[in-house]
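Below are the chains, spelled out letter by letter.
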Amino acid sequence: MTSRVRWLIVGLIAVATVINYIDRNALAVMWPEIAPEVGATKEDYALLVSVFMVFYAAGQFAFGKIFDAIGVRLGFAVSIGVWSISIALHALANSITSFSIVRALLGFSEAGAWPGAVKANAEWFPARERALAQGVFNAGASVGAIVSAPLIALLYLWLDWKGTFLLVGALGFVWLLPWWIVHRAGPDKHPWVDEAERALIMDRSSETPVAGAGDYVPNLRQLLRHRQTWGIALSRFFLDPIWWLFVSWLPIYLAETFGFDIKQIGLFGWVPFVGAMLGSLLGGWLSGRLIAAGQPVGRARKLVITAGGLIMAPCLIAAPLMTDPTLAVIVIAGVLFGFQIAIGNIQTLPGDLFDRRAVGSLAGFGGMAAVAGTLITTWLVPVMTQDNYGPIFILVAALVPLSLVAIWFVIGPVSRVAAPPAPSKDF
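Residues numbered from 1 in each chain as written. Predicted model: local features only at pLDDT ≥ 70, side-chain atom pairs only at ≥ 80, totals over all residues. Heavy atoms only, no water.

Concerning the overall build of the protein chain
Turning to step 1, where the next piece is worked out: Helices and strands together make up the secondary structure of the protein chain, namely 16 helices and zero strands.
Turning to step 2, where the next piece is worked out: Seen through its principal axes, the protein chain has C-alpha atoms that stretch 65 × 50 × 45 Å.
Turning to step 3, where the next piece is worked out: Taking the intrachain contacts of the protein chain between residues at least 6 apart in sequence as the baseline, contacts between residues at least 24 apart amount to 84%.
Turning to step 4, where the next piece is worked out: A total accessible area of about 16200 Å² is found for the protein chain, and carbon and sulfur atoms account for 69% of it.
Turning to step 5, where the next piece is worked out: Within the protein chain, the 25 negative side-chain charges are centred at a point lying 10 Å from the centre of the 28 positive side-chain charges. (Helix = DSSP H or I, 4+ residues; strand = E, 2+ residues; numbered from the N terminus. Contact = heavy atoms within 4.5 Å. Areas by Shrake-Rupley, 256 points an atom, 1.4 Å probe, with all protein chains shown as cover. Lys, Arg positive; Asp, Glu negative; His and termini not counted. Charge placed at Lys NZ, Arg CZ, Asp CG, Glu CD.)

Side note on the packing of aromatic side chains
Turning to step 1, where the next piece is worked out: Tallied over the entire structure, the rule returns 26 aromatic pairs.
Turning to step 2, where the next piece is worked out: Summarising the aromatic geometry, the rings of Phe258 and Phe260 are spaced 5.9 Å apart at their centres and angled 40 degrees between planes, so their arrangement reads as tilted. Pair check on accessibility: Phe258 and Phe260 agree, each one buried.
Turning to step 3, where the next piece is worked out: An aromatic cluster is present here, built from Phe246, Tyr253, Phe258, Phe260, Phe268, Tyr389 and Phe393 joined pairwise through their rings.
Turning to step 4, where the next piece is worked out: Across the ring face of Tyr21, the terminal group of Arg24 is positioned such that the distance to the ring centre comes to 4.3 Å.
Turning to step 5, where the next piece is worked out: Its end group placed over the ring of Trp180, Arg73 keeps NZ or CZ at 3.7 Å from the ring centre. (Phe/Tyr/Trp six-rings, centres within 6.5 Å; stacked < 30°, edge-to-face > 60°. Buried < 20%, exposed > 50% of the residue type's maximum accessible area, 1.4 Å probe, protein only. Lys NZ or Arg CZ within 6 Å of the ring centre and 35° of its normal.)

Thoughts on the pattern of salt bridges
Opposite charge on two side chains lets them pair, provided their charged atoms get close.
Turning to step 1, where the next piece is worked out: What the rule picks out here adds up to nine salt bridges.
Turning to step 2, where the next piece is worked out: Its salt-bridge partner being Arg236, residue Asp240 comes within 2.8 Å of it at the nearest N-O pair. Here Asp240 and its partner Arg236 are both found in helix α10 (residues 227-258), four residues apart, which amounts to about one turn of the helix. The pair Asp240 / Arg236 is uniform in exposure class, with both members buried.
Turning to step 3, where the next piece is worked out: Via salt bridges that share partners, Arg6, Glu129 and Glu197 belong to a single interconnected network. (Salt bridge = Lys/Arg side-chain N within 4 Å of Asp/Glu carboxyl O.)

Describing the packing of α10 against helix α15 (residues 356-384)
When two helices pack together, their arrangement is given by the angle between their axes and by how far apart the axes lie.
Turning to step 1, where the next piece is worked out: One way to put it is that α10 packs onto α15 with a least axis distance of 6 Å and a crossing angle of 45 degrees. In terms of orientation, α10 and α15 fall into the oblique class. Pair α10 / α15 crosses with right-handed handedness.
Turning to step 2, where the next piece is worked out: Classifying every residue of the contact of α10 with α15 gives 16 nonpolar, seven polar and two charged. (Axes fitted to C-alpha atoms, helices over the stretch in contact; angles between N-to-C directions. Parallel < 35°, antiparallel > 145°, perpendicular 65-115°, else oblique. Left-handed = near helix turned anticlockwise from the far one by under 90°. Nonpolar A, V, L, I, M, F, W, Y, C, P; charged D, E, K, R; others polar.)

Focus: the packing of helix α12 (residues 271-292) against helix α14 (residues 325-353)
Turning to step 1, where the next piece is worked out: It is the contact of α12 with α14, at a shortest axis distance of 7 Å, that shows an interaxial angle of 30 degrees. On the basis of the axis angle, α12 is roughly parallel to α14. Judged by the sense of rotation from one axis to the other, the crossing of α12 with α14 is right-handed. Residue-level contacts link Val271, Pro272, Phe273, Gly275, Ala276, Leu278, Gly279, Ser280, Leu282, Gly283, Gly284 and Ser287 of α12 to Val329, Ile332, Ala333, Leu336, Phe337, Gln340, Ile341 and Asn345 of α14.
Turning to step 2, where the next piece is worked out: Here the contact of α12 with α14 is built from residues that sort into 12 nonpolar, eight polar and no charged.

So, helix α5 (residues 113-124)
Turning to step 1, where the next piece is worked out: Counted at 1.5 Å a residue, the expected span for α5 with its 12 residues is 16 Å, and the 16 Å between its end C-alpha atoms agrees.
Turning to step 2, where the next piece is worked out: In terms of burial, α5 is largely enclosed, as 12 of its 12 residues are buried.
Turning to step 3, where the next piece is worked out: The set of residues buried in α5 consists of Ala113, Trp114, Pro115, Gly116, Ala117, Val118, Lys119, Ala120, Asn121, Ala122, Glu123 and Trp124. (Expected span 1.5 Å × (residues − 1).)

Some remarks on unusual backbone geometry
Apart from glycine, the bulk of residues carry a negative phi angle, and the bulk of peptide bonds sit in the trans form.
Turning to step 1, where the next piece is worked out: Of note, Asp160 is a non-glycine position whose phi angle comes to about 70 degrees, a positive value.
Turning to step 2, where the next piece is worked out: Relative to the helices and strands, Asp160 resides in helix α6 (residues 127-169).
Turning to step 3, where the next piece is worked out: Classification of Asp160 as partly exposed rests on a relative accessible area of 37%.

Considering α10
Turning to step 1, where the next piece is worked out: The terminal C-alpha atoms of α10, which comprises 32 residues, lie 45 Å apart, in line with the 46 Å expected from a rise of 1.5 Å per residue.
Turning to step 2, where the next piece is worked out: Of all the bends found along α10, the most pronounced is centred on Trp249 and spans about 65 degrees, while Pro251, a proline, follows it within four residues.
Turning to step 3, where the next piece is worked out: Buried residues dominate α10, accounting for 26 of its 32 residues.
Turning to step 4, where the next piece is worked out: Backbone geometry just downstream of α10 places Gly259 in the positive-phi region, at approximately 70 degrees. (Bend = angle between axes of the 7 residues up to and from the residue.)

Some remarks on the nonpolar core
Generally speaking, a soluble globular protein has its nonpolar side chains buried in company with each other.
Turning to step 1, where the next piece is worked out: One finds Trp31, Ile242, Trp243 and Phe246 to be the most contacted residues of the largest nonpolar core, which totals 129 residues.
Turning to step 2, where the next piece is worked out: Residue contributions to this core peak at 19 residues, all from helix α1 (residues 5-38).
Turning to step 3, where the next piece is worked out: Beyond its immediate sequence surroundings of up to four residues, Trp243 is in contact with Tyr21, Ala141, Ser142, Phe273, Ala276, Leu336, Phe339 and Gln340. (Core = buried A, V, L, I, M, F, W, Y, C linked by side-chain atoms within 4.5 Å.)

Remember that the coordinates give geometry; whether it matters functionally is a separate question.
Given below as structure tokens:
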């Protein structure tokens, strides 16, 4: 029987992502109770989200290069170790200043999971399986968001907010032990990988070859010379604010729109992320099916991304019209379903376009662009939601077609990128 080590690796990374989202969502779920205790306002919360995102952007950039330099095994250990310490330190915070410091550390360290996952995906999976593997990883984020609202609400009722932060901080260190045991080496040298699986992982037959691309490993400066890099960055800049709007603001939206307390947030706040989890898996599966049916890799990715966009935009327009909380969270589930169908395939593109040794840097740059877009919408939320959340929902709906333009027209054909020709020395 052929070994399946690659799926064990991506499964562990998905579990790390569950922990990642439990940690980052803990503050949002408990904020309605923490805010009066520390004398904070809605604008203060927006500031904390902004601080997190600024350092998250820096972390995406830094960890992209770190993972390319030290590898997936050690890179994940550093990232999850630091973010586990930082979430536990939230228990010591007692002001907006101290919360800002620990949110900055959390944002920087949690960012490592995404370039790390994209790099692991490129190393451990052939092109036809990458979107599904990315979907499994992204489903971990959705599962983390699903379980975080009820889990944090229950822990809060049991331990209060300080004890909750301490307990969730321990989860990452529990994860480190199986990770260090399982990820002993890359697929070319891992003792658990048999020859059949190794041949499958190294198979490049479904990728579109380009002359001169085989040995081209661009550094960051060289990556920035390619339109494909900017196409990925622009698509993330426009699309990721949709995800972060609900990750950061869904509990506040439920509290302000429907008067929910923490217990009610725990009962309703997980529903949209079920849609996200299903979208993650469906988007990855559908892309792989299209490739297996003979579609070129690039066209398969773009068709699935477009399908996700066509689901997202109408749901975003409809969501603020819902006056019943059950209907509202179901429609938002449709938004996140479409988002994850699209984003998993976008995140797979770096491995389709460039050598796996450069994938971490490109994924980090794309993640940094995503954060830049998210910061803009974060600053706009308090301004645009004075009466209701309709204006901000409409705004992010308008970003969907802009992201699709970047995918179809800026990136261009999806094939291995070759080194640019050397400049002529003739005069």
